[in-house]
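Listed below, chain by chain, are the residues.
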Amino acid sequence: MARIRNSIALVAGLLLAAVAMAVDPAGPVVSKTARALHEQLLTLDSHLDTPMNFELQGWDILQRHDALQDGSQVDLPRLIEGGLDGGFWAIYTPQGPRTAAGVQAARDAAFAPLVAIRELVAAHPRQFELALKADDAARIAAGGKRVVFLSIENGFPVEGDPGLLQTFQRLGVRLAGPVHLCNNGLADSSTDPQGPEWHGLSEQGRRFVAEANRLGIVLDASHASDEVLDQLIELSRTPVLLSHSGLKAVFDHPRNIDDARLRRLAASGGVIQINFLSDYLIATPHDPARDQALQALWADARTGPPTLAARQALIARKAEIERRWPVPRASFEDAFAHLLHAIRVAGIEHVGIGADFDGGGGVTGFEDARDYPKITARLLAEGFGPAEIQQVWSGNLLRVLRAAETYAQGLQARPVGAASAPSSP
Ligand SMILES: [Zn+2]
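Residues numbered from 1 in each chain as written. Predicted model: local features only at pLDDT ≥ 70, side-chain atom pairs only at ≥ 80, totals over all residues. Heavy atoms only, no water.

Caption draft 1: Region of interest: the overall build of the protein. Summing up its helical and strand segments, the protein has 16 helices and nine strands in all. Considered along the principal axes of its C-alpha atoms, the protein spans approximately 85 × 55 × 50 Å. Out of the 425 residues belonging to the protein, those deemed buried represent 53%. Long-range pairs, those at least 24 residues apart, make up 73% of the contacts in the protein with a sequence separation of at least 6. Working note: accessible area of the protein is about 18900 Å², and carbon and sulfur atoms make up 57% of it. Of the charged side chains in the protein, 40 are positive and 49 negative, and the gap between their average positions amounts to 3 Å. (Helix = DSSP H or I, 4+ residues; strand = E, 2+ residues; numbered from the N terminus. Buried < 20%, exposed > 50% of the residue type's maximum accessible area, 1.4 Å probe, protein only. Contact = heavy atoms within 4.5 Å. Areas by Shrake-Rupley, 256 points an atom, 1.4 Å probe, with all protein chains shown as cover. Lys, Arg positive; Asp, Glu negative; His and termini not counted. Charge placed at Lys NZ, Arg CZ, Asp CG, Glu CD.)

Caption draft 2: Spatial organisation of the confidence of the model for the protein. Confidence along the protein averages 92 in pLDDT terms, with 92% of residues attaining 70 or more. Per-residue pLDDT stays below 50 along residues 1-21; that stretch engages in zero contacts with residues further than four places along the chain or on separate chains. Long-range and interchain partners of residues 419-425, a stretch whose pLDDT sits below 50, account for one contact in this model, where long-range means more than four residues apart. (pLDDT = per-residue confidence, 0-100.)

Caption draft 3: Geometry of the coordination of the zinc ion. Only E153 (OE), H223 (NE2) and H244 (NE2) from the protein coordinate the zinc ion, and they sit 2.2 Å from it. All donors of the zinc ion come from a single chain, and their spacing in sequence reads E-x69-H-x20-H. Of the two residues, E153 is situated in strand β4 (residues 146-153) and H244 in strand β7 (residues 241-245); the sequence distance between them amounts to 91 residues. With a relative accessible area of 0%, H244 lands in the buried category. (Donors = N, O, S within 2.8 Å, 3.2 Å for Na, K, Ca; no water.)

Caption draft 4: Quick look at the pairing of strand β5 (residues 173-177). Summarising burial for β5: five of the five residues are buried, a large majority. As paired elements, β4 and β5 share four bridges and run parallel to each other. What sits directly across from I152, in β5, is A176. The parallel pair β4 and β5, bridged by helix α7 (residues 164-170), forms a crossover whose chirality is right-handed. Note that the unit made of β5, helix α8 (residues 203-215) and strand β6 (residues 218-219) has a crossover that is right-handed. (Pairing = 2+ DSSP bridges. Right-handed = clockwise from strand over helix to strand, strands pointing away.)

Caption draft 5: Expanded view of the sheet that holds strand β8 (residues 271-274). Strand order in the open sheet formed by three strands is β7-β8-β9, and the pairing between neighbours is parallel. Whereas interior strands pair on both sides, the edge strands pair on one side only; in this sheet they are β7 and β9 (351-353). Direction aside, neighbouring strands of the sheet carry axes that sit 25 degrees apart on average. Across three bridges, β7 lies against β8 in parallel orientation. Across the sheet, residue L242 finds its bridge partner in β8, namely I272. (Axes fitted to C-alpha atoms, helices over the stretch in contact; angles between N-to-C directions.)

Caption draft 6: Inspection of the packing of helix α10 (residues 259-267) against helix α14 (residues 332-346) at higher detail. Between α10 and α14, the shortest axis-to-axis distance is 9 Å and the interhelical angle comes to 60 degrees. When the interaxial angle is binned, α10 and α14 end up oblique. Pair α10 / α14 crosses with right-handed handedness. When α10 is examined against α14, the residues D259, L262, R263 and A266 are found in contact with a partner set consisting of H341, A342, V345 and A346. Grouping the constituent residues of the contact of α10 with α14 by class yields five nonpolar, one polar and two charged. (Parallel < 35°, antiparallel > 145°, perpendicular 65-115°, else oblique. Left-handed = near helix turned anticlockwise from the far one by under 90°. Nonpolar A, V, L, I, M, F, W, Y, C, P; charged D, E, K, R; others polar.)

Caption draft 7: Broad picture of the domain arrangement of the protein. Domain boundaries assigned for the protein yield domain 1 (30-284 + 329-410) and domain 2 (286-327). Once you take the C-alpha centre of each, domain 1 and domain 2 turn out to be 25 Å apart. Contact with domain 1, which involves 14 residues of that partner, is made by eight residues of domain 2. Interface area, domain 1 with domain 2, both sides summed: about 970 Å², of which 54% is carbon and sulfur. Scanning the region where domain 1 abuts domain 2 turns up zero salt bridges. Remark: the boundary between domain 1 and domain 2 carries six residue pairs in polar contact (both at pLDDT 80 or more). (Domains from an automatic or database assignment. Buried area = accessible area lost by both parts, 1.4 Å probe. Salt bridge = Lys/Arg side-chain N within 4 Å of Asp/Glu carboxyl O. Polar contact = N/O pair within 3.5 Å; in protein donor to acceptor, adjacent residues only side chain to side chain.)

Caption draft 8: The arrangement of unusual backbone geometry in detail. Even without being a glycine, N154 presents a positive backbone phi close to 90 degrees. Tracing the sequence through the fold places N154 in the loop between β4 and α7. At D358, a residue that is not glycine, the phi angle is positive and equals roughly 65 degrees. Classification of D358 by relative accessible area gives buried; the value is 11%.

See below:
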């Protein structure tokens, strides 16, 4: 009996080893069937940080670039090759000093990427189109153009003036997260070294939520603390999105969410879009010398000239740091483990893709926009059907956006004062 058990264990061990060996660092092979299906689907990524490259002089979104040369992961040729129809293009504002002048500077700075994205669309109307409603996405993609929804990453620019959110909404913003890497006047961040300041949302943060609901803007809880997520789920009148996040059960990191919260998110109609940023997917040991070298690099990146040549020099320096102080980098399968876990816990109707390309995303075997078909191939291999894969690629995301639209339209349709009028004399 023991011998049989040992043989079973041996066979099982060999099978596991075979599976482990079968994990190709290049990621899954995309069959013709998978590629054909991928082309038929409406594919959206909910977090494209590509607008950060728009200010780079010499960088052209219509031209093909190489991530190894300039770090960029998304441009039109690679979007076409990767069969991505578009997604939410982020207006990202770094967290600056929390002073009146700091807020003013952030507010001014946020309009630059907003204008740049709109200029891109205006300059290339045959390649890109601004999407303002959930239903626009399929129409734009069917016309062979890339779908450009706008999102805000970090609500700091509207801190002190929640009415400004309406201006952003009028200019096209349909998704907004209150906070980024550090706490601000709206909300606590999941990664602020000081820990929680508001234990969730501040009073202003609560107004931000109400205003977003009123305007039909989806609330984005990525980067926010767990308490913020809890309060967003409770306060928001429409389902909450995590535009680029992972799962604590797979890798325990403050940026990721636990299974209990994932279940509550799903029960409230919300959706998690899985990110592909290595540090949030697997454990990465910290080496002070490496961290110091990287910090110096980022400081130079902030102050250096916004040119393609300067960027290429920075990328070469970064490669040198990686060579000198190597750390493990997540694989496609590491990222996919988060996706599969989310599907198991929340159900496939509550999961999507937000790879965080051009914002730190990218893992071994999933390096740039050309690699999106691997997700379709891997979901097929996992046994999911076309309708389910369509949900992951955009169905769930657009359902959340549609709910926000419907809620805002309902408010507009109501007679003025109806919400506050007493029901009886
Ligand atoms: Zn982010």
